[in-house]
Amino acid sequence: MSGQVKDSPAGEPMTEAFLEVSDLHAGYGQARVLHGIGFSVGRGEICAILGPNGAGKTTTLRALSGMVKGRGSVTLDGTQLLGRLPEQTARLGVAHVPEGRGTFNDLTVEENLRVGAYLRHRRGRRARSERVAVAADLERVYGYFPKLRERSRQAAGSLSGGEQQMLAIGRALMLRPALLLLDEPSLGLAPLVTRELFRIVRTVNEEERTTVVVVEQNAQLALDIAHQAHVLESGRLVLSGPADQIRQDGQVAEVYLGISVQARKGG
Amino acid sequence: MSTGELTMHASRTARWARPLAALVITAALIATPYYFAPFRVFQLTMVLLYAVVLAGLNLLVGYGGQISLGHGAFFAVGAYTAAVMLDRFTTGHLATLPVAAAGCFLLGLGFGVPALRLRGLYLALVTLAFAVFLPPLLKRFEHVTGGSMGLTVPKPQPPSWTGLAEDQWLYFLTLTVAAVTLLVVRNLLRSRVGRALLAIRENESAAEVMGVRLSFHKALAFAWSAMFAGVAGCLYTWVIGFVSPDSFSLNLSITLLAGLVVGGLASVYGPLLGAAFVMYVPNLAQDISPAAPGVVFGLLIIAVMYLAPTGLAGLAARARQGVRRCVEHLRHTRRRPEPASPAEQTGPPQPEPQPLTAPPTIGKG
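Residues numbered from 1 in each chain as written. Chains lettered and ligands numbered in written order. Predicted model: local features only at pLDDT ≥ 70, side-chain atom pairs only at ≥ 80, totals over all residues. Heavy atoms only, no water.

What follows is about the overall build of chain A. Regarding its fold elements, chain A presents 11 helices and 10 strands. In chain A, which comprises 267 residues, the share counted as buried stands at 56%. The contacts of chain A with a sequence gap of at least 6 include a subset with a gap of at least 24, amounting to 70%. Accessible surface for chain A amounts to roughly 11300 Å². Of this, 47% is attributable to carbon and sulfur atoms. (Helix = DSSP H or I, 4+ residues; strand = E, 2+ residues; numbered from the N terminus. Buried < 20%, exposed > 50% of the residue type's maximum accessible area, 1.4 Å probe, protein only. Contact = heavy atoms within 4.5 Å. Areas by Shrake-Rupley, 256 points an atom, 1.4 Å probe, with all protein chains shown as cover.)

Take a look at the structure:
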């Protein structure tokens, strides 16, 4: 892997925990999916949650954003997130990019982005300055994703899968999130597009110090940009640590992540 | 909101064509009552009146993605509110309009609450129940509503300085209300609230995690929608001067929904086209087959939906697209007379708006 961009946080002292998850249980009706997981993410870090199908990765994100009810404790900068509605969680600066993108297909690209700024509506004296700020953020997002600018008047449904994923992430950035939750951004995308997408996520993280939790099946890519990683199996964390270490752990990598250690050494 | 800022690549002709078209249409609308017989003017008044209900219904069904089979009942509530006020309290006509609007808004808000938990067919069923039980209820409270005999109330009289006949005055009143309604709905949809509504229709959970308050917007969409039905009902009382429970049967609710779908869901002009359909096509059906007009009406609905799945407004948009493409093609060939291979002739650099997926909120034409 010559394309490694990450600086290793392994030796540094842990930054203060920004997102703190402990003993999180969640599920759907009778089906329990998460059986008490706990991890923490430092401010400005990228955290990858890896694991096979059905391990509970998506459920973890949904519990964080309030889309499913969870038991236990999830705090963001000291504020309890559990027991809130998704819209309330969004108000606290948590932007969730759901699995399968969830773009609004009949709206144009720009309208999609403006929905992202929905919560930034202000009345009275601050209305104008906020409108200017939203316009600036549109430019910022177009800066990260120039393709979106080209297609700003086009219906989101007519974009390619990669562009839609960019739009979904761009829309989340319009919220000016403190915490960005990405649910399998690589789903159904060509490897080259995915790589580009992850590079941009990394750039956003570096430039804006946005804390990111990314759920991925493509462990290799996620580990390339992440600082910390957690491996989930049947609703329990089986491995946590700095991304580098997880990658180096040959056995775990082979068993859970499907990364061939031999191939890695060769590359 | 300034989503229109980026329409810099709109064709050059559009800059003067749009205000000109607006001017011509306005002039035509104002001139109409002077050139047509009173009966024709009355029919046009009814078209405008139906356009008000359908614009409100469009907000709920077209943009909100919910179904109401009870809008005839909201219409009836608006009509009866105005009629009872005129009958009992001899208020001025103008006073009835805000009362009918506010009453229906609150009633709609009440119905919006089940809309939070129910959706699709289940919600349709609840609203259907409203449409079913309202006429018998109106018959029951005879001392207020006049029972099945209904109420006859005076129509608004034109002020003498206008020199207008009654039908012309009613036409202008309705025209004003309809114009304001369409403008309000259009601006509403272009605003933050409109985007929130569309986002909910497209993907509820994605809208939710962006911070859109689902319950608030869903209930409000229902309330607005009911309010416009109430406004139209009030106009109905003004125009007809008579209300009875049988004028607001379940059939009315269904006809309204059918009219909206035929006119074009989630389209700015759909309600107008749908209103014309609701007004004129039953008469046409009567002319074609006096024995079974319902059959002809039904067949015409099927025909329209088969030929234009996105409604009459969709058909009009497609026609406009075709004309525009033709014009562009002509301009293209005139500018470059040398025969270029068709493969080289790439289209204009800007993406063509998609006829079927383009959101109605852009309002390009």
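All right, on to empty space enclosed by the protein then. If a probe the size of a water molecule is rolled over the atoms, the empty space left behind becomes visible. All names here are of chain B. This structure, assessed with the given rule, holds 5 cavities of 30 Å³ or more. Estimated volume of the second largest cavity: approximately 70 Å³. Lining the second largest cavity are Ala55, Asn58, Tyr63, Leu182, Val185, Arg186, Leu189, Ser267, Val268 and Pro271. Of all the elements in the fold, those that place two or more residues in the lining of the second largest cavity are helix 2 (38–63) and helix 7 (166–190). With 4 residues, helix 7 is the largest single contributor of residues to the lining of the second largest cavity. (1 Å grid on protein atoms, 1.4 Å probe; cavity = no way out; pocket = protein on both sides within 12 Å on 5 of 7 lines; lining within 4 Å. Points joined across faces, edges and corners; volume = space filled by probe spheres on them.)

Attention now goes to the environment of Ala51 of chain B. All names here are of chain B. Here Ala51 shows up in helix 2. The buried category is assigned to Ala51, whose relative accessible area is 1%. Between the alpha carbons of Ala51 and Tyr269 there is a distance of 9.2 Å; along the sequence they are 218 residues apart. Leaving out residues up to four positions away in the same chain, Ala51 has contacts with Pro271, Leu272 and Ala275.

With that settled, the discussion passes to a nonpolar patch on the surface. Residues and elements named next belong to chain B. Taken together, Ile30, Tyr34, Tyr35 and Phe36 make up a surface patch of nonpolar side chains, about 510 Å² in accessible area. Structurally, Tyr35 is set in helix 1 (residues 14–35). Since its relative accessible area comes to 69%, Tyr35 is described here as exposed. (Patch = residues over 30% accessible without salt bridge, like charges linked within 9 Å, V, L, I, M, F, W, Y side chains within 5 Å. Salt bridge = Lys/Arg side-chain N within 4 Å of Asp/Glu carboxyl O.)

Residue and element names in this part refer to chain A. Across the sheet, which stays open at both edges, the 6 strands sit in the order 6-7-8-3-9-10 with mixed pairing between neighbours. Looking at strand neighbours, the two that pair on one side only are strand 6 (94–97) and strand 10 (236–242), the edges of this open sheet. Across the sheet, the mean angle separating the axes of adjacent strands is 15° when strand polarity is ignored. The pairing of strand 7 (residues 179–183) with strand 8 (residues 211–216) spans 5 bridges and is classified as parallel. What sits directly across from Leu179, in strand 8, is Thr211. Against the sheet, helix 6 (residues 161–173) contacts strand 6 and strand 7, and its axis sits at roughly 170° relative to strand 6. (Pairing = 2+ DSSP bridges. Axes fitted to C-alpha atoms, helices over the stretch in contact; angles between N-to-C directions.)

Here we take up the pairing of strand 9 (residues 228–233) of chain A. Residue and element names in this part refer to chain A. Most of strand 9 sits out of view: 5 of its 6 residues are buried. Sheet topology note: the strand 3 (residues 46–50)/strand 9 ladder contains 4 bridges and is parallel. Bridge pairing links Leu50 to Val231 in strand 9. Where strand 9 meets strand 10, 6 bridges bridge the pair, whose relative direction is antiparallel.

This part covers the nonpolar core. Note on soluble globular proteins: their nonpolar side chains tend to be buried together. Counting residues in hydrophobic clusters, the biggest one holds 140 residues, and the most contacted among them are Phe145 and Leu148 of chain A together with Phe248 of chain B. What Leu148 of chain A contacts, discounting residues up to four positions off in sequence, is Val109, Val141, Tyr142, Leu159, Glu163, Met166 and Leu167 of chain A. Core analysis: the second largest hydrophobic core is formed by 26 residues, Ala63, Val94, Leu181 and Val213 of chain A among them. (Core = buried A, V, L, I, M, F, W, Y, C linked by side-chain atoms within 4.5 Å.)

This part is about the packing of aromatic side chains. Evaluated as defined, the whole model comprises 13 aromatic pairs over all chains. When the centroid spacing of 6.1 Å and the interplanar angle of 65° are considered together, the rings of Tyr80 of chain B and Phe248 of chain B count as edge-to-face. One end of the pair, Tyr80 of chain B, is in helix 3 (residues 71–88); the other, Phe248 of chain B, is in the loop between strand 2 (242–243) and helix 11 (250–263), with 168 residues separating them in the sequence. Across the pair, Phe248 of chain B and Tyr80 of chain B agree in class, each one buried. Taken together, the ring pairs connect Phe74, Phe111, Phe130, Phe133 and Phe222 of chain B into an aromatic cluster. The ring centre of Tyr118 of chain A lies 4.1 Å from the NZ or CZ of Arg192 of chain B, which sits over that ring. Above the ring of Phe216 of chain B, the side-chain terminus of Arg213 of chain B is found at 4.4 Å from the ring centroid. (Phe/Tyr/Trp six-rings, centres within 6.5 Å; stacked < 30°, edge-to-face > 60°. Lys NZ or Arg CZ within 6 Å of the ring centre and 35° of its normal.)

It is worth spelling out helix 13 (residues 293–307) of chain B at this point. Residues and elements named next belong to chain B. An ideal rise of 1.5 Å per residue puts 21 Å on 15 residues; helix 13 measures up with 21 Å between its terminal C-alpha atoms. Burial in helix 13 covers these residues: Val296, Phe297, Ile301 and Val304. One side of helix 13 carries all its buried residues, which in axial view fall inside an arc of 140°. For helix 13, the exposed residues lying more than 90 degrees away from the buried face are Val295, Leu299, Ile302 and Tyr306. (Expected span 1.5 Å × (residues − 1). Arc of directions from axis to C-beta.)

On to the confidence of the model for chain A, then. All names here are of chain A. On average, residues of chain A score 85 in pLDDT, and 88% of them are at 70 or above. Per-residue pLDDT, averaged within each element of chain A, yields its smallest value for helix 11 (residues 261–266) (48) and its largest for strand 7 (95). This stretch, residues 1–14, has a pLDDT under 50; its non-local contacts, to residues over four places away or in other chains, come to 25 contacts. Considering only residues more than four positions removed or in separate chains, one finds that residues 263–267, a stretch of pLDDT under 50, has 6 contacts. (pLDDT = per-residue confidence, 0-100.)

As a further point, take helix 6 of chain A. For helix 6 of chain A, built from 13 residues, the straight-helix expectation of 18 Å at 1.5 Å per residue is met to within 8% by its first-to-last C-alpha distance of 18 Å. Of all 13 residues making up helix 6 of chain A, 12 are buried, and the element is well covered by its neighbours.

What follows concerns the sheet that holds strand 5 (residues 79–80) of chain A. Paired through backbone hydrogen bonds, the strands of a sheet run either parallel or antiparallel to each other. Residue and element names in this part refer to chain A. Across the sheet, which stays open at both edges, the 4 strands sit in the order 2-1-4-5 with antiparallel pairing between neighbours. In this open sheet, the two strands that pair with only one neighbour each are strand 2 (31–42) and strand 5. In the sheet, strand 1 (residues 17–28) pairs with strand 4 (residues 70–76) via 6 bridges, with the strands oriented antiparallel. Residue pairing across strands places Ser22 opposite Ser73, the latter belonging to strand 4. The strands touched by helix 1 (residues 57–65) are strand 1, strand 2 and strand 4; relative to strand 1, the strand with the most contacts, the crossing angle is about 110°.

Let us look at the pattern of salt bridges. Residues and elements named next belong to chain A. In the structure shown here, the tally under the stated rule is 18 salt bridges over all chains. Arg140 is the salt-bridge partner of Glu208, the closest N and O atoms lying 2.5 Å from each other. Pair noted here: Glu208 is in helix 7 (residues 191–208) and Arg140 is in helix 4 (residues 126–144), with a separation of 68 residues, a long-range link. If you follow the salt bridges from partner to partner, you end up with Arg120, Glu130, Asp137, Arg140, Arg176 and Glu208 in one network.

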